[in-house]
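# Structural overview for review
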Amino acid sequence: MIAIGQYNDLRIITKNDSGLVLTDGEDEALLPYTDVPKNTEVGDNVSAFVYANKESKLIATTKRPLACVGDFAYLTVVDDGEDGAFMDLGLDKDIFVPAREQKRPMFKGDSHVVYVFLDTSNNRMIASSKLLNFVEEQEIDLEEGDEVSLLIVDRSDLGYNAIIDNKYIGLLYTNELFDILNPGEVRKGWVKKVRVEGKIDLSLQPMGYGHILDSKDAILEELKESGGLIALGDKSAPDDIYDRFKISKSAFKKVIGGLYKDRLITISDHEIRLFVDDEAE
């Protein structure tokens, strides 16, 4: 059976006035001539994205959509009305967001993170901005320290909500951020904590001692390239530290504390220096 809203490997069985007829051996879909790759012949296999049109007929395309069924994606509203809104899917066909599936009213020109799924009543793709209805909240297969892909959703009172690996939702806390985030951005992140109630705390910085080791090497290399002095220390502003090393002030203090303990640097309020052993000289 052809999977609607997904890519399918299909065989060309014939052609008609409108395009090529494709099949998986059970269902058929029409690939319009405007989407047919060059030098394609009857009998060839093609990979095509398939959707249902207004008449519920299956249409194939070799264009790449902005999202497939089962995806969370950041899409833009191209038209709105009382019944719902249409969002640009990157195809000739827009995707419909019924009014009942809108977390807040959508208007032309707005962009939102939505979840794409099939309307089982007509097998047509629709979308929803009520994301909590579609994220997984039980049996979370994540551990503290895991590296994940984050799709930034929106800002809340505590920080930024983000979709994790296209499956879960978590929170980046404002007081731990040094970058400006925007809805729709895709960022690399790390799991900071998975709470008992299923809530997930996130970070834009790696967790654990391995990150400290990496940062030690980076700061030592930077010191050598800077003539042995960096104008950042215990009392430097967190933003200044992040701008240079992309780590929090807390992580920076752990790193330079370790370097100091190893007698590799000296530390003052606003600078660090490579350690020079006067006795050895």
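Everything discussed here concerns the structure shown above.
Notes on the structure in this doc start here.

Calculation criteria
- Residues numbered from 1 in each chain as written.
- Predicted model: local features only at pLDDT ≥ 70, side-chain atom pairs only at ≥ 80, totals over all residues.
- Heavy atoms only, no water.
- Helix = DSSP H or I, 4+ residues; strand = E, 2+ residues; numbered from the N terminus.
- Rg over C-alpha atoms; globule rule 2.2 N^0.38 Å.
- Buried < 20%, exposed > 50% of the residue type's maximum accessible area, 1.4 Å probe, protein only.
- Pairing = 2+ DSSP bridges.
- Phe/Tyr/Trp six-rings, centres within 6.5 Å; stacked < 30°, edge-to-face > 60°.
- Core = buried A, V, L, I, M, F, W, Y, C linked by side-chain atoms within 4.5 Å.
- Contact = heavy atoms within 4.5 Å.
- Axes fitted to C-alpha atoms, helices over the stretch in contact; angles between N-to-C directions.

## Regarding the overall build of the chain
For the chain, the helix and strand inventory stands at 3 helices and 18 strands. Computed over C-alpha atoms, the radius of gyration of the chain comes to 26 Å, more than 25% over the 19 Å expected from 2.2 N^0.38 for 281 residues, which places it beyond the range of a compact globule. In terms of its C-alpha atoms, the chain occupies a principal-axis envelope of roughly 90 × 45 × 35 Å. Here the chain holds 281 residues, and the buried ones make up 41% of them.

## Let's talk about the sheet that holds strand β18 (residues 272–274)
Pairing is antiparallel in the open sheet, where 3 strands are placed in the order β16-β18-β17. One side of each edge strand has no neighbouring strand; the edge strands of this open sheet are β16 (229–230) and β17 (265–267). With 2 bridges joining them, β16 and β18 adopt antiparallel strand pairing. Bridged to Ile230 within β18 is Ile272.

## Here's the deal with the packing of aromatic side chains
Going through the model one piece at a time under the given rule, you end up with 7 aromatic pairs. A centroid spacing of 4.7 Å and a plane angle of 55° characterise the contact between Phe72 and Tyr115, whose relative ring orientation is tilted. Linking Phe72 in strand β6 (residues 72–80) with Tyr115 in strand β9 (residues 111–119), this pair joins segments that are 43 residues apart in sequence. For the pair shown, Phe72 and Tyr115 are each scored as buried. Judged by centre distance (5.0 Å) and plane angle (45°), the ring pair of Phe86 and Phe96 falls under tilted.

## So, the nonpolar core
Membership of the largest hydrophobic core comes to 20 residues, with the highest contact counts inside it found for Leu75, Met87, Leu89, Ile95, Met106 and Met125. When residues of this core are traced back to their parent elements, those giving at least two are β4 (45–52), β6, β7 (84–87), β8 (95–98), β9 and β10 (124–128). Ranked by residue count, the leading element in this core is β6, at 3 residues. Apart from residues lying up to four places away in sequence, Met125 is in contact with Gly5, Phe49, Tyr51, Ala67, Val69, Leu89, Ile95, Phe96, Val116, Phe117 and Leu118. Counting 16 residues, the second-largest nonpolar core is a separate cluster that includes Ala162, Ile164, Tyr168 and Leu181.

## Points about the sheet that holds strand β15 (residues 200–203)
The strand order around the closed barrel built from 5 strands is β11-β12-β13-β15-β14, with neighbouring strands paired in mixed fashion. Averaged over all pairs of adjacent strands, the angle between strand axes in this sheet comes to 55°, irrespective of strand direction. Here strand β14 (residues 186–194) pairs with β15 via 4 bridges, running antiparallel. The residue bridging Val194 from the neighbouring strand is Ile200, located in β15.

## A look at the environment of Arg104
Counting through the fold element by element, Arg104 comes out in the loop between β8 and β9. Sequence spacing of Arg104 and Ser129 is 25 residues, and the spatial spacing of their C-alpha atoms is 8.0 Å.

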